[in-house]
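One letter stands for each residue in the lines below.
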Amino acid sequence: MAFSNIARASDTASLPVAERADLRFSVACAVAREAGALARRRFNGRPGTTGINLKGHQDYLSAVDAEVENLIRMRLLDSFPEDAFFGEEGGGSFDRDVWVVDPIDGTANFVRGISQFCISIAYVRDGRMQIGIIYDPMHDELFASERDGGATLNGEPIRVSGLADMQSATIEAGWSTRLPLTRYVELVDRILADGAGVRRGGSGALALAYVAAGRIDGYCELHMNSWDALAGLLLIEEAGGWANDFLADAGLRDGNIVLGCTSGLKDSLVKAMGMT
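The present account deals with the structure reproduced in this document. Everything quoted here is computed from the prediction, not taken from an experiment.

### Focus: the pattern of salt bridges
For the structure on display, the rule yields ten salt bridges. A salt bridge links Asp95 to Arg253; its shortest N-O distance comes to 3.4 Å. Here Asp95, found in the loop between strand 2 (91-92) and strand 3 (98-105), pairs with Arg253, found in helix 8 (residues 251-254); they are 158 residues apart in sequence, far enough to count as distant. Members of the salt-bridge network, linked through shared partners, are Arg24, Glu82 and Asp83.

Okay, here's the thing in structure tokens:
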């Protein structure tokens, strides 16, 4: 659905709360696709890596991040001016019901020409995640969830894998620069000792979506920001999996530990994460 076909603020203010909630979901899906199309154009048209130093790439990437985030901010607040907005690049406010956005998650992949990155959009109302959208523009995959409404991939229902055996599991472990590298290594060691395979794809939000779709069996990270985590954690819950209470202990503002997995792997991964 093109964004131009979605009702704008002047049409939404008088709608009942339930209808506005449904409209928020539709708008978020349309905005994610529009933002993804912009990110895809910039990815395909950016300079090649040969002869360009990393600082140049990072400057270019920052410009793309900001451009994509500004598009998302404009579209969402045009439709829902009563909402707050917080983006990774431009910040914002958490003071009201809020959209929480990462315009490009997987920036290291993006800057190196690796097509594993995504747009992440979450909506939090009354301290609970209500909408979670993750869009992979390079593969045209829209992962979408509403509270108590299930999870879908391009409109088709998805479920977590249901795997309960760590020795058959594949777990993605994200690395946070906010904590000592030794803690990440020790976490990976514990997961490997339990018999699981470990991977790292470079986009935590996309990895959480993969858990929801049953492509991998769990995702864990010792610290993650809300704009990276919220949409994917709701996807996992709505796809029948288990996710930790990320919003506890000021997680919205300060970030938190992250674990999303099949219910059968919860106990093993909680122990490996040191969450007990």
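### Brief notes about helix 5 (residues 181-193)
Spanning 13 residues, helix 5 covers 18 Å between terminal C-alpha atoms, matching the ideal 18 Å at 1.5 Å per step. The complete set of buried residues in helix 5 reads Tyr184, Leu187, Val188 and Ile191. Looking straight down helix 5, one finds its buried side chains confined to an arc of 95 degrees; they lie on one side. More than 90 degrees from the buried face of helix 5, the exposed residues found are Thr182 and Ala193. For helix 5, the secondary structure elements touched by its buried residues are strand 9 (170-174), strand 10 (197-199), strand 11 (218-224) and helix 9 (266-273). Within two residues after helix 5, Gly195 carries a phi angle of roughly 100 degrees, on the positive side.

### Quick look at the environment of Ile134
Counting through the fold element by element, Ile134 comes out in strand 5 (residues 128-136). For Ile134, a relative accessible area of 0% puts it in the buried group. Remark: the alpha-carbon pair of Ile134 and Leu235, spanning 101 residues in sequence, is separated by 8.8 Å. Every residue in contact with Ile134, bar those within four places of it in the chain, is listed here: Cys118, Ile119, Ser120, Glu141, Leu142, Phe143, Ala205, Leu206, Ala209, Ala231, Gly232 and Leu235.

### A word on unusual backbone geometry
Here the phi dihedral of Asp140 falls at roughly 50 degrees; this positive angle occurs in a residue that is not glycine. Within the element layout of this structure, Asp140 appears in the loop between strand 5 and strand 6 (141-146). Assessed through its relative accessible area of 39%, Asp140 is described here as partly exposed. A positive phi angle, near 55 degrees, is found at Asp249, a position not held by glycine. Relative to the helices and strands, Asp249 is located in the loop between strand 12 (242-243) and helix 8.

### Description of the pairing of strand 6
Taken across its six residues, strand 6 has five buried, putting it largely inside the fold. In the sheet, strand 5 pairs with strand 6 via six bridges, with the strands oriented antiparallel. Paired with Gly132 across the two strands is Ser145, which belongs to strand 6. Between strand 5 and the antiparallel strand that follows it, strand 6, lie four residues; Asp140 among them carries a positive phi value of about 50 degrees. Connecting strand 6 to the next strand, strand 7 (residues 151-153), in antiparallel fashion are four residues, including Asp148 with a positive phi near 65 degrees.

### Quick look at the layout of surface pockets
The space that makes up the largest pocket amounts to roughly 530 Å³. Counting residues per element, the ones that place at least two in the lining of the largest pocket are strand 3, helix 4 (107-111), strand 9 and strand 11. When its residues are assigned to classes, the lining of the largest pocket shows five nonpolar, ten polar and eight charged.

What counts, and at which threshold
Residues numbered from 1 in each chain as written. Predicted model: local features only at pLDDT ≥ 70, side-chain atom pairs only at ≥ 80, totals over all residues. Heavy atoms only, no water. Salt bridge = Lys/Arg side-chain N within 4 Å of Asp/Glu carboxyl O. Helix = DSSP H or I, 4+ residues; strand = E, 2+ residues; numbered from the N terminus. Expected span 1.5 Å × (residues − 1). Buried < 20%, exposed > 50% of the residue type's maximum accessible area, 1.4 Å probe, protein only. Arc of directions from axis to C-beta. Contact = heavy atoms within 4.5 Å. Pairing = 2+ DSSP bridges. 1 Å grid on protein atoms, 1.4 Å probe; cavity = no way out; pocket = protein on both sides within 12 Å on 5 of 7 lines; lining within 4 Å. Points joined across faces, edges and corners; volume = space filled by probe spheres on them. Nonpolar A, V, L, I, M, F, W, Y, C, P; charged D, E, K, R; others polar.

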